[in-house]
Amino acid sequence: DDNFLRLLQSGFFNHIGTYVLESTTTWGDALMNYILALDKRPNTNPQIQDYGLQQTLAKTAINMIAGLPCYTVITGHLDTMKDEVTGRIMTAMMIPGKAAVKLPLLLDEMYVIDVRETPVKGEMVTNRTFLTRPTGKYKARTRIGADGKFELREEPDLGALMRKAGYPCVDKDIHFR
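Conventions and cut-offs
- Residues numbered from 1 in each chain as written.
- Predicted model: local features only at pLDDT ≥ 70, side-chain atom pairs only at ≥ 80, totals over all residues.
- Heavy atoms only, no water.
- Phe/Tyr/Trp six-rings, centres within 6.5 Å; stacked < 30°, edge-to-face > 60°.
- Buried < 20%, exposed > 50% of the residue type's maximum accessible area, 1.4 Å probe, protein only.
- Salt bridge = Lys/Arg side-chain N within 4 Å of Asp/Glu carboxyl O.
- Helix = DSSP H or I, 4+ residues; strand = E, 2+ residues; numbered from the N terminus.
- Pairing = 2+ DSSP bridges.
- Patch = residues over 30% accessible without salt bridge, like charges linked within 9 Å, V, L, I, M, F, W, Y side chains within 5 Å.
- Areas by Shrake-Rupley, 256 points an atom, 1.4 Å probe, with all protein chains shown as cover.

Enquirer: Outline the packing of aromatic side chains, listing residues and values.
Expert: On inspection of all chains with the given rule, the structure shows 5 aromatic pairs. On the numbers, 5.3 Å between centres and 45 degrees between planes, the contact of F4 with F13 is tilted. Owing to a relative accessible area of 3%, F13 belongs among the buried residues under this scheme. An angle of 80 degrees between the planes, with centres 5.3 Å apart, marks the rings of F12 and F13 as edge-to-face.

Enquirer: Outline the pattern of salt bridges, listing residues and values.
Expert: One pass over the full model with this rule turns up 6 salt bridges. Here D50 makes a salt bridge to R41, at a shortest N to O gap of 2.7 Å. Each of the two residues, D50 as well as R41, counts as buried. One salt bridge in this structure joins D114 and R116, with 2.9 Å as the shortest N-O distance. Here the residues in one salt-bridge network are D39, R41 and D50, joined through shared partners.

Enquirer: Report on the environment of C169, specifying residues and quantitative values.
Expert: Looking at the secondary structure, you find C169 in the segment after helix 5 (158-164). Exposure remark for C169: the relative accessible area of 29% places this residue in the partly exposed category. Between the alpha carbons of C169 and G17 there is a distance of 9.2 Å; along the sequence they are 152 residues apart.

Enquirer: Can you explain the sheet that holds strand 7 (residues 153-154)? Please cite residues and give values.
Expert: Overall, antiparallel pairing links the 3 strands, which are arranged 5-6-7 in an open sheet. In the strand order of this sheet, the two ends are held by strand 5 (112-120) and strand 7, each with one partner. Here strand 5 pairs with strand 6 (residues 123-131) via 9 bridges, running antiparallel. Looking at strand 6, one finds that P119 is bridged to M124.

Enquirer: Would you mind going over a nonpolar patch on the surface in detail, with residue names and values included?
Expert: Taken together, the side chains of L5, L8 and M64 make up a nonpolar region of the molecular surface, amounting to roughly 210 Å² of accessible area. Residue placement: L5 occurs in helix 1 (residues 2-10). Residue L5 is classed as partly exposed on the basis of its relative accessible area of 35%.

As structure tokens, this is what we get:
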């Protein structure tokens, strides 16, 4: 936290094009470890109130990151679950509790990487695409690609998507002091 705030106050983020939080799964674990250490309970199981604090810290941090003067990319793993009533398979961010539902609400763009293996000339080839809209199982969405700008499946290239949506995607000049 101290280092991030120091970088923010120094104007560091004005000089970078993209800030990446990789990944919410590991970051959520780190937040919980921080909470447990603050309460002098390191290496113990979290208690119910710890999850509420984790969610509050995560929401505050995501809002700060999303407000940076650069592009931000936040990655995370998906957790797969089955709805016991309908039998439908669904996914959500792999972060404990209600944060898995609430954190995505803070994000404008949410793509899911779909990986498929297909045979090509007798060999299996891995194809990756971004899903840009919900499919039932996946909760992808886009604001910049709305109104038919993006297909359901797009090449996994954030710069190309920015340009396709009509936004500039240029590297910032690097100035070393």
